[in-house]
Amino acid sequence: MIFTVAIDGPAAAGKGTISKAVATHFGFPHLDTGLLYRATGRRVLAGEEPVAAAQGLRPEDLDRDDLRTAEVAQAASRVAAVPEVRAALIAFQRAFARREGGAVLDGRDIGTVICPDAEVKLYVTASDEVRAARRYLELSAKGAATSPAEVLDDLRARDARDAGRDTAPMKPAPDALLLDTTNLSIEAAVEEAVRAVKQKLEQGRR
Ligand code: CDP
């Protein structure tokens, strides 16, 4: 069975948590495509040229524990605007999306560019303030020295760059289901996502 769940949306909207929960629920493998850009951005911070960094990515680059910092996030969003960097990462993502047995991918352009034929597309959003508060909690729990205002500025800068770039800008696919998690608990958001996937799987069986 080929069955792709595409989950897109801006920074810290809840994509990661929802994707992991959906993947676990249905037994699908999950790819956090942001990690590909973060790992590329980290290699660029270490001195590499962006396109060479993307082309040279190795599986172990994705396992590093320093990919979640604000500095790497900004570097990721800068390399993500380079068309040749995106091109270098497409084949791997497409193959993952269409692998036998189903797949969940989360990112910015999964439903629009990587897998426009995805069986389920979700676009997860939340207000800037709620997203910043969530990301601030995550980062400060890891010991990062930051402030809610700094995190908000960071998210807004990244969203503007991600939505404003020419190649694969962040935007909902026309057929995506919009999931605004501003006032939703994570359990309720996961429930909605699971319901959408279940419905589509059942349609396929009919
Ligand atoms: O976790 P968070 O939502 O903050 O970010 P992420 O999903 O790890 O993505 C980091 C950066 O990678 C984003 O700001 C985008 O610039 C870029 N990205 C992208 O361009 N396309 C994707 N499919 C995934 C991430």
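The structure reproduced in this document is the subject of the present report. Everything quoted here is computed from the prediction, not taken from an experiment. (Residues numbered from 1 in each chain as written. Predicted model: local features only at pLDDT ≥ 70, side-chain atom pairs only at ≥ 80, totals over all residues. Heavy atoms only, no water.)

1. Examining the overall build of the chain
(1) Moving on: Looking only at helices and strands, one finds nine helices and five strands in the chain.
(2) Moving on: Secondary structure elements of the chain, listed N to C terminal, follow the sequence β-α-β-α-α-α-α-β-α-β-α-α-β-α.
(3) Moving on: The C-alpha radius of gyration of the chain comes to 16 Å, within 12% of the 17 Å expected for a compact globule of 206 residues.
(4) Moving on: In terms of principal-axis extent, the alpha carbons of the chain reach across some 55 × 35 × 30 Å.
(5) Moving on: A total of 206 residues make up the chain; the buried ones form 46% of that total. (Helix = DSSP H or I, 4+ residues; strand = E, 2+ residues; numbered from the N terminus. Rg over C-alpha atoms; globule rule 2.2 N^0.38 Å. Buried < 20%, exposed > 50% of the residue type's maximum accessible area, 1.4 Å probe, protein only.)

2. So, the sheet that holds strand β4 (residues 120–125)
(1) Moving on: The five strands are arranged β2-β3-β1-β4-β5 in an open sheet whose pairing can be described as parallel. What marks the edges here is a single partner per strand, and that holds for β2 (30–32) and β5 (177–180). Ignoring which end each strand starts from, the neighbouring axes of this sheet average 20° apart.
(2) Moving on: With four bridges joining them, strand β1 (residues 4–8) and β4 adopt parallel strand pairing. Opposite V5, over in β4, you have V120 as the bridge partner.
(3) Moving on: Helix α5 (residues 83–97) contacts β1, β2 and β3 (103–107) of the sheet and is inclined by roughly 140° relative to β3. (Pairing = 2+ DSSP bridges. Axes fitted to C-alpha atoms, helices over the stretch in contact; angles between N-to-C directions. Contact = heavy atoms within 4.5 Å.)

3. Let's talk about the side chain of R108
(1) Moving on: Turning to its location among the elements, R108 is positioned in the loop between β3 and α6 (110–114).
(2) Moving on: Among the polar contacts listed, one links the side chain of R108 to the backbone oxygen of G9, at a separation of 3.4 Å.
(3) Moving on: Every residue in contact with R108, bar those within four places of it in the chain, is listed here: D8, G9, P10, A11, K15, R158, D162, R165, P169, M170 and K171. (Polar contact = N/O pair within 3.5 Å; in protein donor to acceptor, adjacent residues only side chain to side chain.)

4. Brief notes about helix α4 (residues 70–79)
(1) Moving on: Most of α4 is tucked away, with seven of its 10 residues classed as buried.
(2) Moving on: Those residues of α4 not exposed but buried are V72, A73, Q74, A75, A76, S77 and V79.
(3) Moving on: For α4, the elements touching its buried residues are α2 (34–45), α3 (50–55), α5 and α8 (148–164).

5. Things to note about the packing of aromatic side chains
(1) Moving on: One pass over the full model with this rule turns up two aromatic pairs.
(2) Moving on: Through a chain of ring-to-ring contacts, three or more aromatic side chains come together here, namely F3, F26 and F28.
(3) Moving on: Lying over the aromatic face of F96, R99 brings its terminal NZ or CZ to 4.6 Å of the ring centre. (Phe/Tyr/Trp six-rings, centres within 6.5 Å; stacked < 30°, edge-to-face > 60°. Lys NZ or Arg CZ within 6 Å of the ring centre and 35° of its normal.)

6. Looking at the site of the ligand
(1) Moving on: In the vicinity of the ligand there are 18 residues, among which R38, R86, R135, R158 and D162 approach most closely.
(2) Moving on: Within the side chain of R108, an N or O atom sits 3.1 Å from an oxygen atom of the ligand.
(3) Moving on: Cavity membership is defined here by more than half of the atoms lying within 2 Å of grid points; on that basis the ligand lies in the largest pocket.
(4) Moving on: Mapped onto the shell around the ligand, the elements with two or more residues apiece are α2, α4 and α8. (Near = heavy atom within 4 Å. 1 Å grid on protein atoms, 1.4 Å probe; cavity = no way out; pocket = protein on both sides within 12 Å on 5 of 7 lines; lining within 4 Å. Sits in = over half its atoms within 2 Å of the grid points.)

No statement about biological role is implied by the geometric values presented.
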